[in-house]
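Each chain, written out:
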Amino acid sequence: MTTQPRISVVVPAYNAAQTIDRCLTALVDQTFAREGYEIIVVDDGSTDETRARVGAHTGVQLVTQTHAGPAAARNLGAQRARGDLLLFTDADCAPARDWIERMCAPFDDQETIGVKGAYVTRQREIVARFVQLEYEDKYDRMAQHRFIDFIDTYAAGYRRDVFLANGGFDPIFPNASVEDHEFSFRLARQGLKMVFRRDALVYHLAHPESVWTYWRRKFRIGYWKVLVTRRYPNKVWHDSHTPQILKVQ
């Protein structure tokens, strides 16, 4: 008899051969009972060894699509999921051992529909450490709010029925940029309850390590943020995540 998982962890992956092993090893080795969750990797048309690396991990479901971006990949994973709760992380992240347990705890409140976790890193490069400090500044801001309006997909949790009923992430965003911002703003506009768990940690394996990489990342986010701002102009003045100085950046 097959046990129905309560939780589905969805990982989009595109040319992630360098990091996906660490991600999946961390997801398999969780404090949460293994029969209580499934792991779904959605390969977004990779041209490297990503699919072969995923196939080497027992008990991990591999779904494939032609290259359409992480938003579309996450949506496909959600459609294939069997759990009542969806957890999302990225292929360049390695969740802490208690990540699933801590992400799921807030859902004991039946009104909570979304949960956000936090980044940490073991990278020692100066730029990477600066990026982490930027995140810590955002986390300090979010910790002041009982409810939030902003969930990043590197450590995100949603009730599956709410996620599907709201159409999931908008695939108009072709790469990892602000598709997660837009979706959480969409839910917050309806007055739905989302919370921040600073202790639900994922180790990011790929903070920018050079000024050039950092600038390119900022430019990409800023470019697509214009579209989000047009949809939610009130967020220019306030959201629970981003200090105003970072919006200027």
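Before reading further, recall that the structure is shown in the block above.
Residues numbered from 1 in each chain as written. Predicted model: local features only at pLDDT ≥ 70, side-chain atom pairs only at ≥ 80, totals over all residues. Heavy atoms only, no water.

Novice: What is the right way to read the overall build of the chain from this model?
Specialist: Scanning the chain for helices and strands turns up 9 helices and 8 strands. Evaluated residue by residue, the chain yields a buried proportion of 54% over its 249 residues. Contacts spanning at least 24 positions in sequence make up 77% of the contacts within the chain whose residues lie at least 6 apart. When the accessible area of the chain is evaluated, it comes to approximately 11700 Å², of which 53% is carbon and sulfur surface. (Helix = DSSP H or I, 4+ residues; strand = E, 2+ residues; numbered from the N terminus. Buried < 20%, exposed > 50% of the residue type's maximum accessible area, 1.4 Å probe, protein only. Contact = heavy atoms within 4.5 Å. Areas by Shrake-Rupley, 256 points an atom, 1.4 Å probe, with all protein chains shown as cover.)

Novice: How should I be thinking about the side chain of Arg159 in this particular structure?
Specialist: Among the structural elements, Arg159 can be located in strand β7 (residues 156-159). One buried charged residue, Arg159, forms no salt bridge at all, with the nearest opposite charge on Asp161 at 5.9 Å. Not counting residues within four places of it along the chain, the set of residues in contact with Arg159 comprises Asp84, Leu85, Phe107, Asp109, Gln110, Thr112 and Ile113. (Lys, Arg positive; Asp, Glu negative; His and termini not counted. Salt bridge = Lys/Arg side-chain N within 4 Å of Asp/Glu carboxyl O.)

Novice: Quick question: what am I supposed to make of the packing of aromatic side chains here?
Specialist: Any pair of aromatic rings gets described here by the distance separating the centres and the angle formed by the planes. Scanning all chains against the criterion turns up 14 aromatic pairs. Each ring, one from Tyr119 and one from Tyr154, has its centre 3.6 Å from the other, and the planes form 10°; the classification is stacked. Of this pair, Tyr119 sits in strand β6 (residues 112-120) while Tyr154 sits in the loop between α5 (126-142) and β7, and the two are 35 residues apart along the sequence. Each member of the pair Tyr119 and Tyr154 is classed as buried. An aromatic cluster of three or more residues is present, and its members are Phe88, Tyr158, Phe163, Phe169 and Phe183. Above the face of the Tyr135 ring, Lys138 is positioned so that its terminal group lies 5.0 Å from the ring centre. (Phe/Tyr/Trp six-rings, centres within 6.5 Å; stacked < 30°, edge-to-face > 60°. Lys NZ or Arg CZ within 6 Å of the ring centre and 35° of its normal.)

Novice: Before we go on, may I ask you to explain the pairing of strand β2 (residues 37-44) in this structure?
Specialist: On a regular strand, one side chain projects to one face of the sheet and the next to the other, so that they alternate. By the criterion of burial, β2 is predominantly enclosed, with 8 of the 8 residues buried. Of the two faces of β2, the one lined by Tyr37, Ile39, Val41 and Asp43 and the one lined by Glu38, Ile40, Val42 and Asp44 are each fully buried. As paired strands, strand β1 (residues 7-13) and β2 are joined by 7 bridges and run parallel to one another. Across the sheet, the residue bridging to Val9 is Ile39, located in β2. As a crossover connection, the stretch from β2 through helix α2 (residues 50-55) into strand β3 (residues 60-65) is right-handed. (Pairing = 2+ DSSP bridges. Right-handed = clockwise from strand over helix to strand, strands pointing away.)

Novice: Can you help me understand unusual backbone geometry in this one?
Specialist: Among all residues save glycine, negative phi is the norm, and among peptide bonds the norm is trans. Phi at Asn15 is positive, roughly 50°, even though this residue is not glycine. Looking at the secondary structure, you find Asn15 in the loop between β1 and α1 (20-28). For Asn15, a relative accessible area of 31% translates into the label partly exposed.

Novice: Please explain α1 as it appears in this structure.
Specialist: Helical geometry: 3.6 residues make up each α-helical turn, so side chains three or four residues apart lie on a common side. For α1, the complete set of buried residues consists of Ile20, Cys23, Leu24, Ala26 and Leu27. Around the axis of α1, the buried residues are gathered within 160° of arc, so they sit on the same side. Looking at the buried positions of α1, the neighbouring elements they touch are β1, β2, α2, β3, β5 (93-95) and α4 (99-104). (Arc of directions from axis to C-beta.)

Novice: Looking at this structure, I do not really get the pairing of β7. What am I missing?
Specialist: The alternating pattern of β7 places Ala156 and Tyr158 and Gly157 and Arg159 on opposite faces, both of which are buried. Here strand β4 (residues 85-88) pairs with β7 via 4 bridges, running antiparallel. Residue pairing for β7: Leu87 is matched across the bridge by Gly157. As judged from the 3 bridges shared by β6 and β7, these two strands associate in the antiparallel manner.

Novice: Looking at this structure, how should I read the sheet that holds strand β8 (residues 193-204)?
Specialist: Remark on secondary structure: sheet strands pair via backbone hydrogen bonds, oriented parallel or antiparallel. The sheet built from 8 strands is open, its strands ordered β3-β2-β1-β4-β7-β6-β8-β5 with mixed pairing. Edge positions in the sheet fall to β3 and β5, since each has one partner strand and no second. On average, each strand axis in the sheet is inclined to that of its neighbour by 30°, with strand direction left out of account. (Axes fitted to C-alpha atoms, helices over the stretch in contact; angles between N-to-C directions.)

Novice: Would you mind going over α5 with me for this structure?
Specialist: Over its 17 residues, α5 runs 25 Å from end to end, which matches the ideal 24 Å to within 8%, given 1.5 Å per residue. Buried residues of α5: Val127, Ala128, Val131, Gln132, Glu134, Tyr135, Lys138, Tyr139 and Met142, and no others. Buried residues of α5 fall within an arc of 150° about the axis and therefore sit on the same side. In this structure, α5 carries Ile126 and Leu133 as exposed residues pointing more than 90 degrees from its buried face. (Expected span 1.5 Å × (residues − 1).)

Novice: Looking at this model, I keep getting lost on the environment of Lys225. Mind explaining?
Specialist: Summarising the element assignment, Lys225 is placed in helix α8 (residues 211-231). In sequence terms Lys225 and Glu179 are 46 residues apart; their C-alpha atoms lie 9.2 Å from each other. The contacts of Lys225, once residues within four sequence positions are left out, are Phe150, Val178, His181 and Phe185.

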